Amino acid sequence: MTILVTGATGSVGRHVVDGLLAKGQQVRATTRDPQTAGLPAAAEVVQADITDPDTFLPALEGVEKLYLFPHFERLEYFLEAVRKAGVRRIVTLSSSSTVQRLRTNKEAGDEHLHVEQAVEDTGLEWTHLRPGMFAGNTGEWAESIKLNGLAYGAYPQARMVPIHERDIADVGIAALLEDSHLYARYSLTGPEQLSRVELVQIIGEVLGRELKFVEQTPAEAVAFFLAQGWPEDVITMIEGYRAEATQRADEVSDVTERVLGRPALTYREWVRDHADWFQ
């Protein structure tokens, strides 16, 4: 049985590849450039471009299950090829924006819902992963923390529940390998609600450094992101989400713990795993 992992060089995809290999699975991983992918030698690494579904057609041969990174152009065309290739199960990386789209991220929610619906329309087995805030998003502070121990941003009291990308991957692996997760829409979070100020405090405690959150106005935060080359639509979505989270904090979900049979990884554990980002 071959499992195809798309988006294999992404933060979640890498853990999916590693976790499947550790369980003795036959893994085929796609990437635009196999030479620079840095994926395990035990995986079959093939070239495919997520913006061109035709490049995926050879990679589908003999595949029974698929981990789907979203945002394919010509999505329905790709999924029809998946169905015709004999793929039986799809685990979709979606987003919590699907259930929060009426708050501040409707466009992103609609996009992910479209992907989910297209997967369901194939008639294949499916499971959708809907993570909230990725702990890795706090990597936006890496350079300024390294430079002067400061973390810039608006909405210091926005309360979110960051999730370790390894937990998302582990739930995805369970959904790929176990039948008990079929047709589930899993809302995934970390185990604790934290403000942006508290996130910075935890980074400092792990690093053994005195760090400071420097509050910006919303306009200053947008300008700061633009100067770093962030797309304007992404900035609007992220900052809108943070503004909303100051008024309505994200809720903690216990799905990760229930699926994996262990506590969800904490933000502190994530920082320990990525301390080199900030040093």
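What counts and how
- Residues numbered from 1 in each chain as written.
- Predicted model: local features only at pLDDT ≥ 70, side-chain atom pairs only at ≥ 80, totals over all residues.
- Heavy atoms only, no water.
- Helix = DSSP H or I, 4+ residues; strand = E, 2+ residues; numbered from the N terminus.
- Buried < 20%, exposed > 50% of the residue type's maximum accessible area, 1.4 Å probe, protein only.
- Polar contact = N/O pair within 3.5 Å; in protein donor to acceptor, adjacent residues only side chain to side chain.
- Pairing = 2+ DSSP bridges.
- Axes fitted to C-alpha atoms, helices over the stretch in contact; angles between N-to-C directions.
- Contact = heavy atoms within 4.5 Å.
- Phe/Tyr/Trp six-rings, centres within 6.5 Å; stacked < 30°, edge-to-face > 60°.
- Expected span 1.5 Å × (residues − 1).
- Core = buried A, V, L, I, M, F, W, Y, C linked by side-chain atoms within 4.5 Å.
- Salt bridge = Lys/Arg side-chain N within 4 Å of Asp/Glu carboxyl O.
- Arc of directions from axis to C-beta.

Peer 1: So, the environment of R262: which residues are in play, and what are the values?
Peer 2: Following the sequence through the fold, R262 ends up in the loop between α10 (255-260) and α11 (267-273). In this structure R262 comes out as partly exposed when scored by relative accessible area, which is 23%. Of the polar contacts made by the side chain of R262, one reaches the side chain of D167; its length is 2.7 Å.

Peer 1: Let's hear about the sheet that holds strand β2 (residues 26-31): which residues, and what values?
Peer 2: Taken together, seven strands build an open sheet; the order of strands is β3-β2-β1-β4-β5-β6-β9 and the sheet is parallel. Two strands lie at the open edges of the sheet, namely β3 (44-47) and β9 (185-188), each paired on one side alone. Neighbour to neighbour, the strand axes of the sheet diverge by 20 degrees on average, direction disregarded. As defined by bridge partners, strand β1 (residues 2-5) adjoins strand β4 (residues 63-68) across four bridges and the pair is classed as parallel. Bridged to V5 within β4 is Y67. Its contacts with the sheet put helix α6 (residues 165-177) on β1, β4, β5 (89-93), β6 (125-131) and β9, and the angle it makes with β5 is roughly 165 degrees.

Peer 1: So what about the packing of aromatic side chains? Which residues, and what values?
Peer 2: The final tally for this structure, using the stated rule, is eight aromatic pairs. Plain terms: the ring middles of Y152 and F224 are 5.6 Å apart, the flat faces sit at 35 degrees to each other, and that makes the pair tilted. With Y152 in strand β7 (residues 150-153) and F224 in helix α8 (residues 218-227), the pair connects residues that are 72 residues apart, well separated along the chain. Look at Y152 and you get partly exposed, because its relative accessible area is 24%. The partly exposed category is assigned to F224, whose relative accessible area is 30%.

Peer 1: So, helix α4 (residues 106-121): which residues are in play, and what are the values?
Peer 2: Residue pairs spaced three or four apart in an α-helix point in one direction, given the helix's 3.6 residues per turn. With 16 residues, α4 should cover 22 Å at 1.5 Å per step; its first-to-last C-alpha distance of 22 Å lies within 8% of that length. Of the residues flanking the end of α4, it is G123, one or two places downstream, whose phi is positive at about 80 degrees.

Peer 1: Pulling in residues and values, what's your account of the nonpolar core?
Peer 2: V5, V16, V17, L20 and L188 are the most contacted members of the largest nonpolar core, which has 30 residues in total. Among the elements of the structure, β1, α1 (11-22), β2, β5, α6, β9 and α10 are those that each provide at least two residues to this core. Residue contributions to this core peak at seven residues, all from α6. Excluding its chain neighbours within four sequence positions, the residues that come into contact with L188 are L129, R130, P131, G132, I163, I168, V171, V255 and T256.

Peer 1: Residue-level account of the pattern of salt bridges, with values.
Peer 2: Counted according to the given criterion, the structure contains 22 salt bridges. When the shortest N-O distance is used, the salt bridge between E80 and R83 registers 2.5 Å. Of this pair, E80 and R83 are both found in helix α2 (residues 75-84), three residues apart, which corresponds to roughly one turn of the helix. Owing to a relative accessible area of 31%, E80 belongs among the partly exposed residues under this scheme. The closest approach of N and O atoms between D273 and R166, which form a salt bridge, is 3.2 Å. Remark: R166 occurs in helix α6 and D273 occurs in helix α11; sequence separation between them is 107 residues. Among the residues examined, D273 registers a relative accessible area of 40% and is labelled partly exposed. Bridged by salt links that share partners, the residues E64, R88, R89, E125 and D179 form one connected network.

Peer 1: Outline α2, supporting the account with residue identities and numerical values.
Peer 2: Within α2, the full set of buried residues consists of L75, F78, L79, A81 and V82. Along the long axis of α2, the arc covered by the buried residues comes to 155 degrees, so they all point the same way. Close packing links the buried residues of α2 with β4, β5 and α4. Backbone geometry just downstream of α2 places G86 in the positive-phi region, at approximately 95 degrees.

Everything listed is a geometric property; what it means functionally is a separate question.
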